[in-house]
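One-letter residues, chain by chain:
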Amino acid sequence: MPFYATSQIQIQRYLSVPNISSCRKALLVNLIGIVIIVGLTFFIGLVIFAKYHNCDPLTLEIIEKPDQLLPAFAAETSKGVPGLLGLFIAGLTAASLSSLSSGLTALASITTYDYVNKLFPHLSDSKLSLISKMNTLVLGLVSYSFVFAIENMGNILQMLSSFVGILSGPIFGLFTLGMFIPWANSKGVALGLLTSFPVMIVFTIGTQLNLSNMTDQKLPLSTDGCDVSNYTYSSTTSSFNLLDKEISTTGTDCDDSSILVELLSVSYMWYSTIGCFTMFILGSIYSIIIDRLYPKNIRSVDAVCFSPPILTLWYRIFSKETMTLWIKEKVTILGSENGELHRKDPFDFNKFDDYGSTLQ
């Protein structure tokens, strides 16, 4: 959700379609594709586990990182089928280039129009276009240089999920707070965001520092089923033979851990969710405190900025007098056909047009 709601890459794609209906259709098609891709990913993981559960190449140090399991599986499985491994590598390259091109375009767009254009407003479109292309080239070279750093950072998926959890999680919580909570204010949101970032950073660093004390939550693996004749590995820098290797069996540890270690043992896949809820809860609390301290500074917001079902729920919970402190009774809403302005009851959410912001 943070990627779809807060990523500049996705926002750029949303803006490329003519209206919100087309955007919804595109997201629906994307959802079908994501379900298929994620389902195949889980299936591939199960296949790899079924193949290596009794002869773990990571335990045997045939590979160095869990990220190398899939390439090792593809290389071993494609033996005897000419061109199959090449197709696998080509697919990975094509998928990487697709994501990389979107990211570089988004970064170049932000750099050019949010910074260069603001500092030099008199530049022509042709010059801005040239600067944008130069930014893409420079950012591409910078991104490529990070390859050498990422190589030594361990599990790439865990690193990426941690980074997304620190940044995108609280930002997603910010937008969710604005859509769902009518008493949210700018100061409360800013304080919540400034608090959420350090909380997630401390949580992530604490997890990395306590890796050795955490319970091993991996599925049980062993090397009992290894075929000695098939696992002789050598390279230009190292050599390895199964006959000379002391084989051990790894499994799930069940040692008692402290509450702090158990808390830090949460999977990195939950970091975005933790960041979102941290921002949402803290932002709500800070907003209430600020409203109590400075009641004269309470500003009402157009109802169209809120989620209609949630706003209707709040309207049923609070009195109309209370809601008028947060929600404007009359809202100016732009028409979808001729650009006329209409004033509607803020709690009349019967129909929305293709732009998602016009009450019919």
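Residues numbered from 1 in each chain as written. Predicted model: local features only at pLDDT ≥ 70, side-chain atom pairs only at ≥ 80, totals over all residues. Heavy atoms only, no water.

Topic: the overall build of the chain
Right, so step 1: Along the backbone of the chain there are 12 helices and four strands.
Right, so step 2: Across the 360 residues in the chain, those meeting the buried criterion constitute 26%.
Right, so step 3: Sequence separation of at least 24 residues holds for 70% of the intrachain contacts in the chain that already meet a minimum separation of 6.
Right, so step 4: Put simply, the chain shows about 23700 Å² of open surface, and 66% of that area lies on carbon and sulfur atoms. (Helix = DSSP H or I, 4+ residues; strand = E, 2+ residues; numbered from the N terminus. Buried < 20%, exposed > 50% of the residue type's maximum accessible area, 1.4 Å probe, protein only. Contact = heavy atoms within 4.5 Å. Areas by Shrake-Rupley, 256 points an atom, 1.4 Å probe, with all protein chains shown as cover.)

Quick look at the pattern of salt bridges
Right, so step 1: Taken as a whole and assessed by the stated rule, the structure comprises one salt bridge.
Right, so step 2: Residue Glu-76 is joined to Lys-51 by a salt bridge in which the shortest nitrogen-to-oxygen separation is 3.6 Å. Within this pair, whereas Glu-76 is found in helix α4 (residues 69-77), its partner Lys-51 is found in helix α3 (residues 20-52), the two being separated by 25 residues in sequence. (Salt bridge = Lys/Arg side-chain N within 4 Å of Asp/Glu carboxyl O.)

What to know about helix α6 (residues 125-150)
Right, so step 1: Its 26 residues give α6 an end-to-end C-alpha distance of 37 Å, which sits within 8% of 38 Å, the value for a rise of 1.5 Å per residue.
Right, so step 2: Every buried residue of α6 is accounted for by Leu-128, Ser-132 and Asn-135.
Right, so step 3: Close packing links the buried residues of α6 with α5 (84-119). (Expected span 1.5 Å × (residues − 1).)

Description of the packing of helix α8 (residues 186-209) against helix α10 (residues 271-293)
Two quantities define a packed helix pair, namely the angle between the helix axes and the distance between the axes.
Right, so step 1: Where α8 meets α10, the axes come as close as 8 Å, and the angle between the chain directions of the two elements is 145°. Read as a crossing pair, α8 and α10 show a hand that is right-handed.
Right, so step 2: Taken together, the residues of the contact of α8 with α10 sort by class into 12 nonpolar, 10 polar and one charged. (Axes fitted to C-alpha atoms, helices over the stretch in contact; angles between N-to-C directions. Left-handed = near helix turned anticlockwise from the far one by under 90°. Nonpolar A, V, L, I, M, F, W, Y, C, P; charged D, E, K, R; others polar.)

Points about the environment of Ile-156
Right, so step 1: By secondary structure assignment, the location of Ile-156 is in helix α7 (residues 156-180).
Right, so step 2: The exposure class assigned to Ile-156 is partly exposed, which follows from its relative accessible area of 41%.

Considering a nonpolar patch on the surface
Right, so step 1: Among the surface-exposed residues, Leu-28, Leu-31, Ile-32, Val-35, Ile-36, Leu-40, Phe-43, Ile-44, Val-47 and Leu-70 lie close enough to one another that they form a single nonpolar patch of about 900 Å² accessible area.
Right, so step 2: Top contributing element to the nonpolar patch by residue count: α3, with nine residues.
Right, so step 3: Within the secondary structure layout, Val-47 lies in helix α3.
Right, so step 4: On the basis of relative accessibility, which here comes to 31%, the residue Val-47 falls in the partly exposed class. (Patch = residues over 30% accessible without salt bridge, like charges linked within 9 Å, V, L, I, M, F, W, Y side chains within 5 Å.)

A short note on the packing of α7 against α8
Right, so step 1: Axis separation between α7 and α8 bottoms out at 10 Å; the angle between their running directions is 160°. Overall, the two elements α7 and α8 adopt an arrangement that is roughly antiparallel. For the pair α7 and α8, the sense of crossing is right-handed. Mapping the contact onto sequence places Gln-158, Ser-162, Gly-165, Ile-166, Leu-167, Pro-170, Ile-171, Leu-174 and Leu-177 in α7 and Val-189, Leu-193, Ser-196, Phe-197, Met-200, Ile-201, Thr-204 and Gln-208 in α8.
Right, so step 2: Looking at the contact of α7 with α8 residue by residue, the classes come out as 11 nonpolar, six polar and no charged. (Parallel < 35°, antiparallel > 145°, perpendicular 65-115°, else oblique.)

Considering the packing of aromatic side chains
Right, so step 1: Scanning the model with the defined rule gives six aromatic pairs in all.
Right, so step 2: Ring geometry for Tyr-52 and Phe-73: centres 6.5 Å apart, planes at 85°, overall edge-to-face. With Tyr-52 in helix α3 and Phe-73 in helix α4, this pair connects stretches of sequence that are 21 residues apart.
Right, so step 3: When its relative accessible area of 16% is taken as the criterion, Phe-73 is described as buried. (Phe/Tyr/Trp six-rings, centres within 6.5 Å; stacked < 30°, edge-to-face > 60°.)

Side note on the nonpolar core
The nonpolar side chains of soluble globular proteins are, as a tendency, buried together.
Right, so step 1: One finds Leu-311, Met-323 and Ile-327 to be the most contacted residues of the largest nonpolar core, which totals 13 residues.
Right, so step 2: Of all the elements in the fold, those that place two or more residues in this core are α8, α11 (308-317) and α12 (320-326).
Right, so step 3: Residues Met-200, Phe-203, Tyr-268 and Tyr-271 belong to the second largest nonpolar core, which totals five residues. (Core = buried A, V, L, I, M, F, W, Y, C linked by side-chain atoms within 4.5 Å.)

Regarding the environment of Gly-275
Right, so step 1: Tracing the chain through its elements places Gly-275 in helix α10.
Right, so step 2: In this structure, the C-alpha to C-alpha distance between Gly-275 and Phe-172, residues 103 residues apart in sequence, is 8.4 Å.
Right, so step 3: When sequence neighbours within four positions are dropped, the list of residues in contact with Gly-275 reads Gly-165, Gly-169, Pro-170 and Met-200.

Notes on the confidence of the model for the chain
Right, so step 1: Averaged over every residue, the pLDDT of the chain is 76; residues scoring 70 or more account for 78%.
Right, so step 2: Predicted confidence for residues 232-256 stays below pLDDT 50, and this span has 39 contacts to residues more than four positions away or in other chains.
Right, so step 3: Note on residues 330-360: pLDDT is under 50 here. Beyond four places in sequence and across chains, it has 68 contacts. (pLDDT = per-residue confidence, 0-100.)

Structural notes on the environment of Leu-70
Right, so step 1: Among the structural elements, Leu-70 can be located in helix α4.
Right, so step 2: In this structure Leu-70 comes out as partly exposed when scored by relative accessible area, which is 32%.
Right, so step 3: The spatial distance from the C-alpha of Leu-70 to the C-alpha of Gly-45 is 8.4 Å, given a sequence separation of 25 residues.
Right, so step 4: Sequence-distant contacts of Leu-70, that is, excluding residues within four places in its chain, are made with Ile-44, Ile-48 and Phe-88.

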